[in-house]
Amino acid sequence: MKKRWIEPITLTGLKVVLEPLSLEHLDGMINAVKDGELWKLWFTSIPSPEKAEAYIKTALDMRDNAGAMPFIVRDRESNKIIGCTRYFNVDEGNQRLEIGYTWYSESYQRTAVNTECKYLLLSHAFEKLDAIAVEFRTHWHNHKSRAAIARLGAKQDGVLRNHQRTADGSYRDTVVFSIINSEWPAVRQSLMFKFNNQN
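Residues numbered from 1 in each chain as written. Predicted model: local features only at pLDDT ≥ 70, side-chain atom pairs only at ≥ 80, totals over all residues. Heavy atoms only, no water.

Here we look at the sheet that holds strand β1 (residues 11-12)
To summarise the sheet geometry, strands pair through backbone hydrogen bonds and adopt either a parallel or an antiparallel arrangement. The line we're drawing: Two strands pair if DSSP finds at least two bridges between them. Working definition: helices are DSSP H or I runs of at least four residues, strands are E runs of at least two. Numbering for both runs from the N terminus. Throughout, a contact is declared for two residues whenever any of their heavy atoms are within 4.5 Å. Every angle, taken between N-to-C directions, lies between 0 and 180 degrees, and every axis is a line fitted to C-alpha atoms, over only the stretch in contact when it is a helix.
Ordered by their spatial adjacency, eight strands build an open sheet running β1-β2-β3-β4-β5-β6-β8-β7, and the pairing between neighbours is mixed. The open sheet has two edge strands, β1 and β7 (155-165), and neither has a second partner. Against the sheet, helix α2 (residues 52-66) engages β3 (69-75), β4 (81-91) and β5 (96-104), with an angle of about 30 degrees to β4.

Considerations on α2
What counts, and what does not: How far a helix is expected to stretch is found by multiplying one less than its residue total by 1.5 Å. Classification of residues uses two cut-offs on accessible area relative to the type maximum, computed with a 1.4 Å probe and protein chains only: under 20% is buried, over 50% is exposed, and between them is partly exposed. The arc under discussion is defined with respect to the helix axis, by the directions toward the C-beta atoms.
Helix length check: α2, at 15 residues, gives a terminal C-alpha distance of 20 Å against a target of 21 Å (1.5 Å per residue), a fit within 8%. Among all positions of α2, only Ala52, Tyr55, Ile56, Ala59, Leu60 and Met62 are buried. Buried residues along α2 cover an arc of 150 degrees about the axis, so they all sit on one side. In this fold, the buried residues of α2 make contact with α1 (26-34), β3, β4 and β5. The positive-phi residue at the C-terminal boundary of α2 is Gly67, with phi of around 75 degrees.

Right, dumping it as structure tokens:
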């Protein structure tokens, strides 16, 4: 059997642990989305408690059939599940991938959590997987997400107009950002500086 480009791996930082997602994480995910009732944000695709199991199954299907790798985010101090993130849109032949489906419980937003999660994911992508580019995409109206992606050091590539139809039937304009391998050393230094100053 051919070895996958992205194998299951646990990524451990000072504040968080990223673990490969499984159905065993269902109860923890439900508790995490309840912190802030995240599913009520119309411009995101965060599951409601009753849709969390289907969300996990879809993520695992993407892992098995499209080379993706979904993670839960666990707070190291409390051991609580506080969010999710994912490698997906994997283009193994061109060594490109996207980081997305990222969300955190409301009480962990605007903390060092996102900085460290992105540091762990980007480090693994560029230093272990030898990726040449990592993309981030978000809804045009998700200004908080757009600002957070830009703060990472990603550059905006463009906007895909009427890119997707959302659950309510409206169209989503998608903002595309990326970091390329030659930019990673400077981005890494910036992320380390930000993380150290958020603690």
